[in-house]
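# Observations on the three-dimensional arrangement
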Amino acid sequence: MKILMALALSLAPLGAQTLIIQNATIMTVTKGTLKGSVLVKDGKIAEVGEKILVPTGAAVIDATGQYVIPGIIDSHSHIALGGSVNEGSISDPSMVDVRDVIDPEDIGIYRALAGGVTTIHALHGSADSIGGQTITLKMRWGKDAQGLIFEGAPPGLKFALGENPKRAGNPSGRTGMGTAVTARYPATRMGVEDAIRQSFTEAKAYQAEWADYRAKAARGERAIPPRKDLRLEPLVEVLEGKREVHCHGYVAEELLMMLRVADDFGFRVNVFVHGLEAYKIAKEIAERGAGVSTFSDWWAYKMEALDAIPYNAAILQKKGVVVSINSDDAELMRHLNTEAAKIMKYGGVSENDALAMVTINPAKQLQIDKRVGSIEAGKDADLVVYDKDPLSNYAKVQKVLIDGTVYFDRDKEMSGRAAKQAEKQKLIEKERQNQQQQRQRPTGRQG
Amino acid sequence: MKLFGLMLCAALVGGAASNGAFLIRNADVYPVTGPEMKGVSVLIENGKIADIGPKVVAPKGVPVVEAKGLRVYPGMIDSSTALGLSEVESVRETVDTGELGEFMPQLRALASINPASEHFPVVRANGITSVMTFPALGGGGGRGGSGARQFISGEAALIHTDGWTWEEMSIKGNAAVHLVFPSLGRGGRGFGGEMPGIPETPAETGVTGAASQARRTYDEQIATINRFFEDARNYQKAKAAKSLDFRTDLKYEAMLPVLEGKIPLAVSASRATAIHDAVQFAEKQRIKIVILQPRDLAKAAAELKEKNIPVILGKVLALPQNEDDPYDASYTLPAEAYKAGVKFAFGSFDNQFARNLPYQAATAVAFGLPYEEALKAVTINAAQIWGVADQVGSIEKGKWADLLITNGDPLETQTEIQRMYIKGQEVDLSSRHTKLYEKYVKRP
């Protein structure tokens, strides 16, 4: 198995090599913006500076007049999951794990790459008050499912508050994700709070049972281990700070409720996902050190989005909350750079702070900021080259590197199109001929 | 948020003029229909553009808006929204699009438009001074309802995004009748109303049985539409002939402006087959049409150009239709339309994201559309397509003073719209969003 894996990796596109991107405007996000070069060695950023000597044998990317930013990180995505987004049968399926449904062939990965996204946080939908276990992925298009996983990123657990979990349980309401769902508790915000408290109460008891067992075993007493509960295990991990809470919520009251539930059970809300009304309780969120991952300007598509404002991110940032701009959408994720520009428009944050909201801030929220999110020596060489200022609507992604390997190259994409089109025509022609032959064959011989 | 108002100094001299006149002084004016004019002044009287030029001065007592270093553009037009008809998309009670009934040309979007909708201030703050409001967002049959097939959803209205009543907002209350053309294809979200899951050609799946069934249904639907038009024609003749047994019929009455060529039939048709058949249908019926949200332009463009049929392009920031389409297929569609010589304007086909219409146009520029064409597609082209180019869509003498004063290119997100005028009246740029911002940013 290990040999096979090594073989697969060696066949991956363009093994990481020493390369240098020259003459670019480099927006490091954490260390200012400069005109100069980025040197990449062994998949890592080796050096960033105005003048860097080109090592012998290094590949040179001339980026005169172009811009380089850290790879974009989308902290809320449902791509690459083969549509397995909501479990939906019970309100708290915390045992389900998106790791089990990673689809490395989802074309969404390539499209995201072409939009400058190098890392995503893939999570469940919001039909369940506890949706399941999340995973952080790199957009290493062409690798297998294992190859997409961001090694060492802390695991998460998705929670959801408000209309979506309660809708799934309300027979008079519209059903969840387009399919009919039988009535299911909870059907109100009160019930959502209760469902979460019930789960953590069970998890606490379960944690205590195990603690008791381990203490007895350590003392050499005879003890029977408790029955393992896969639903409660991840909740215990949350209580022990080993798994991060990513909580979908919209209105201020439910976000505050979740903060207090966390206080009561002694865990931390890592990130509020969406948090469209988070601006109303920025103070309380900042006090608890929770992050907010929000949309730039979505509003009015449902009742709980009526007080959504595009100034949300700017207010939160002003009050000291780490804010990221996410997509939750296979299309929107392709231009998170201009979504960030909207935060400059609505609330007047600086260009650098806006860019941080799609790079270093989501990296902090996903606790991968030691590896990615800015252009600094020692970090992963996840880089995006744009032809123009990436906060302009006129900018186009030219190249995307992950771990120092070029995964998207617009020049190659464009020059390869004719061949791909020809191949498609050939396949269609072949299929047409197959059909003709089948029609000519006597019936009853095909199966 | 900066206080933009302070940057401009309206020198009010002895109160406003009685005809609402004012002068925008020393601006860089982008009329869209002509070259940029640097350092000129625009005189507005009675809500209309009275004069433009370097030597134009304010008559005595007429207030002046200093605009040195700033730009003036015509207000932008979104050629497809449901603004005023739909407030909170998921709450049925706030949504008035998608009536029941197969042929409902008599339904008027205009008279159900809520001028106090929270959407109007939000949308206009980004430079959109007029919109087309369509009576249906999908195939009809009521939102989230039975999914019943709807062919004609009603009359779309071209309105200003400001006004005390829908009457005051109206530019052309009946600008088009909306037909959702049947389709064999997959895809077609939003206005397309197309049926999913049916292959367009047998070769696409090899499932010949399903395809021929779909083809039969499609042909029947087109026959149904043709019958309705023939009945409308007969009604038109009977009315003209003042025949004794003539009775007024509201449906056919509403079809007369289309049959007489006074207004276009706006046809939702996304895929090549549907577009081609819609064009054939229009020829046969001798009516003007505008195609809404075409996707397969590569195949359809030549015919559209030849027949001089304009199109309203949908969201530029959209996913490609098919898995194996180039990743930027939606981004390059406007450039393809331009190269093929097809006349087009942009529509957001949305309420929530209508305010991003200018940025969608900018993306088209990034992917090959000449900048001037993008600007035209949100201004003069839309005005021409909807038959109101004598009133809006450019900065020309005699047109409504629908104007933006900006500090830069209005298609760029970061540009500030500093002032806006609709029919020569300054428009409040605050909205539900700015008000909530101001309230909560002050929370101790």
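Residues numbered from 1 in each chain as written. Chains lettered and ligands numbered in written order. Predicted model: local features only at pLDDT ≥ 70, side-chain atom pairs only at ≥ 80, totals over all residues. Heavy atoms only, no water.

## Observations regarding the overall build of chain B
Each helix and strand in chain B was counted, giving 12 helices and 17 strands. For chain B, the residues scored as buried account for 58% of the 444 residues in total. Here the contacts in chain B between residues at least 6 apart in sequence split such that 71% fall between residues at least 24 apart. Summing over all exposed atoms, chain B offers an accessible surface of approximately 17,500 Å²; the carbon and sulfur share of this is 53%. (Helix = DSSP H or I, 4+ residues; strand = E, 2+ residues; numbered from the N terminus. Buried < 20%, exposed > 50% of the residue type's maximum accessible area, 1.4 Å probe, protein only. Contact = heavy atoms within 4.5 Å. Areas by Shrake-Rupley, 256 points an atom, 1.4 Å probe, with all protein chains shown as cover.)

## Some points on helix 5 (residues 250-259) of chain B
For helix 5 of chain B, the complete set of buried residues consists of Tyr252, Ala254, Met255, Leu256, Val258 and Leu259 of chain B. Near the N-terminus of helix 5 of chain B, the side chain that reaches the backbone nitrogen of Lys251 of chain B, with its oxygen 2.9 Å away, is that of Asp249 of chain B. (Polar contact = N/O pair within 3.5 Å; in protein donor to acceptor, adjacent residues only side chain to side chain.)

## A few points about the domain arrangement of chain B
All names here are of chain B. Splitting chain B by domain gives domain 1 (1-75 + 393-444) and domain 2 (76-392). Approximately 2,400 Å² of surface area, both sides summed, lies buried where domain 1 meets domain 2, with 63% of it carried by carbon and sulfur atoms. Looking at the side of domain 1 facing domain 2, the largest losses of area belong to Val32, Gly393 and Leu411, adding up to 26% of the total buried there. Counting the contacts that link domain 1 with domain 2 gives 1 salt bridge. At the junction of domain 1 with domain 2, the criterion picks out 9 residue pairs in polar contact (both at pLDDT 80 or more). (Domains from an automatic or database assignment. Buried area = accessible area lost by both parts, 1.4 Å probe. Salt bridge = Lys/Arg side-chain N within 4 Å of Asp/Glu carboxyl O.)

## Re the sheet that holds strand 12 (residues 289-292) of chain B
All names here are of chain B. Across the sheet, which stays open at both edges, the 8 strands sit in the order 7-8-9-10-11-12-13-14 with mixed pairing between neighbours. Each of the sheet's edge strands pairs with one partner strand only, and the pair in question is strand 7 (76-81) and strand 14 (344-346). Neighbour-to-neighbour, the strand axes of the sheet open up by a mean angle of 25°, direction not taken into account. Bridging between strand 8 (residues 128-133) and strand 9 (residues 152-160) involves 4 bridges; their strand directions are antiparallel. When the sheet's bridge partners are listed, Met132 is paired in strand 9 with Leu158. Sheet strands in contact with helix 6 (residues 272-285) are strand 10 (170-180), strand 11 (265-268) and strand 12, and its direction is about 165° off that of strand 12. Running over the sheet, helix 8 (residues 329-339) touches strand 13 (311-313) and strand 14 and is turned about 160° from strand 14. (Pairing = 2+ DSSP bridges. Axes fitted to C-alpha atoms, helices over the stretch in contact; angles between N-to-C directions.)

## Topic: the interface of chain B and chain A
Listed by partner, the interface residues are 53 residues for chain B and 53 residues for chain A. Across the chain B to chain A interface the summed buried area is about 4,700 Å²; carbon plus sulfur atoms make up 52%. On inspection of chain B and its partner chain A, the count reaches 5 salt bridges. With a closest N to O distance of 3.0 Å, Asp328 of chain B and Arg410 of chain A form a salt bridge. Linking chain B with chain A are 31 residue pairs in polar contact (both at pLDDT 80 or more), by the criterion used here. Of all the elements in the fold, those that place two or more residues in the side of chain B that touches chain A are helix 1 (119-124), helix 3 (202-205), helix 9 (357-366) and helix 12 (432-441) of chain B. Here the element with the most residues in the side of chain B that touches chain A is helix 12 of chain B; it accounts for 7 residues. Per-class residue counts for the side of chain B that touches chain A are 26 nonpolar, 15 polar and 12 charged. (Nonpolar A, V, L, I, M, F, W, Y, C, P; charged D, E, K, R; others polar.)

## Overview of a nonpolar patch on the surface
Judged by side-chain polarity, Ile90, Met95 and Leu230 of chain A come together as a nonpolar surface patch covering roughly 260 Å² of accessible area. On the secondary structure map, Ile90 of chain A appears in the loop between strand 6 (72-77) and helix 2 (107-113). (Patch = residues over 30% accessible without salt bridge, like charges linked within 9 Å, V, L, I, M, F, W, Y side chains within 5 Å.)

## Brief notes about the nonpolar core
If you look at the biggest cluster of nonpolar residues, it comprises 172 residues, and the most contacted ones within it are Phe267 of chain A together with Phe346 of chain B. Those residues in contact with Phe267 of chain A that lie beyond four places of it in its chain are Phe200, Val238, Leu239, Val245, Met258, Val261 and Ala262 of chain A. (Core = buried A, V, L, I, M, F, W, Y, C linked by side-chain atoms within 4.5 Å.)

## A closer look at the confidence of the model for chain A
When pLDDT is averaged across chain A, the result is 92; 92% of the residues are at 70 or more. Here residues 172-179 of chain A is a poorly scored stretch, pLDDT under 50, and it has 10 contacts once near neighbours within four places are set aside; other chains count. (pLDDT = per-residue confidence, 0-100.)

## A few points about unusual backbone geometry
Residue and element names in this part refer to chain A. Between Tyr185 and the following residue, Pro186, the backbone shows a cis peptide bond with an omega angle of 0°. Position of Pro186 relative to the elements: it lies in the loop between helix 4 (163-168) and helix 5 (189-218). Although it is not a glycine, Gln367 sits at a positive phi angle of roughly 55°. When its relative accessible area of 33% is taken as the criterion, Gln367 is described as partly exposed.

## Quick word on the domain arrangement of chain A
All names here are of chain A. Considered domain by domain, chain A is made up of domain 1 (1-71 + 374-413) and domain 2 (72-372). When each unit is reduced to the centre of its C-alpha atoms, the spacing between domain 1 and domain 2 is 29 Å. Each partner contributes residues to the interface: domain 1 has 30 residues there, and domain 2 has 34 residues. When the buried area of domain 1 at its contact with domain 2 is split by residue, Val29, Leu391 and Tyr407 rank highest and sum to 26% of it. Counting every contact that joins domain 1 to domain 2 gives 5 salt bridges. A salt bridge links Asp403 to Arg140; its shortest N-O distance comes to 2.8 Å.

## Remarks on the packing of helix 6 of chain B against helix 7 (residues 297-306) of chain B
All names here are of chain B. Two numbers describe how helix 6 lies on helix 7: the axes approach to 8 Å, and their chain directions differ by 15°. Taken together, the axes of helix 6 and helix 7 lie roughly parallel to each other. Handedness of the helix 6/helix 7 crossing: left-handed. Of the residues in helix 7, those touching helix 6 at Ala272, Ile275, His276, Val279 and Gln280 are Lys299, Ala300, Glu303 and Leu304. Looking at the contact of helix 6 with helix 7 residue by residue, the class counts come to 5 nonpolar, 2 polar and 2 charged. (Parallel < 35°, antiparallel > 145°, perpendicular 65-115°, else oblique. Left-handed = near helix turned anticlockwise from the far one by under 90°.)

## Some points on the pairing of strand 10 of chain B
Residue and element names in this part refer to chain B. Most of strand 10 is tucked away, with 9 of its 11 residues classed as buried. Sheet analysis places strand 9 next to strand 10, joined by 6 bridges and oriented antiparallel. Note on strand 10: the bridge partner recorded for Ile152 is Leu179.

## Here's the deal with the side chain of Lys172 of chain B
All names here are of chain B. Positionally, Lys172 belongs in strand 10. The charged side chain of Lys172 is buried without a salt bridge, its nearest counter-charge being Asp390 at 7.9 Å. Residues contacting Lys172, with those up to four places away along its chain left out, are Ala157, Leu158, Lys262, Ile263, Trp386, Gly387 and Val388. (Lys, Arg positive; Asp, Glu negative; His and termini not counted.)

## Regarding the packing of aromatic side chains
In this description, an aromatic ring pair is defined by two values, namely the gap between the centres and the angle between the planes. A complete count under the given rule lists 29 aromatic pairs over all chains for this structure. Aromatic side chains Trp298 of chain A and Tyr301 of chain A sit 5.8 Å apart centroid to centroid with 85° between the ring planes, which places their arrangement in the edge-to-face category. In terms of burial, Trp298 of chain A and Tyr301 of chain A fall into one category: buried. Each ring, one from Phe134 of chain B and one from Trp386 of chain B, has its centre 6.3 Å from the other, and the planes form 70°; the classification is edge-to-face. Separated by 252 residues along the polypeptide, Phe134 of chain B in the loop between strand 8 and strand 9 and Trp386 of chain B in the loop between helix 11 (380-385) and strand 15 (403-406) bring together distant segments of the chain. Neither residue differs from the other here; Phe134 of chain B and Trp386 of chain B are each classed as buried. (Phe/Tyr/Trp six-rings, centres within 6.5 Å; stacked < 30°, edge-to-face > 60°.)

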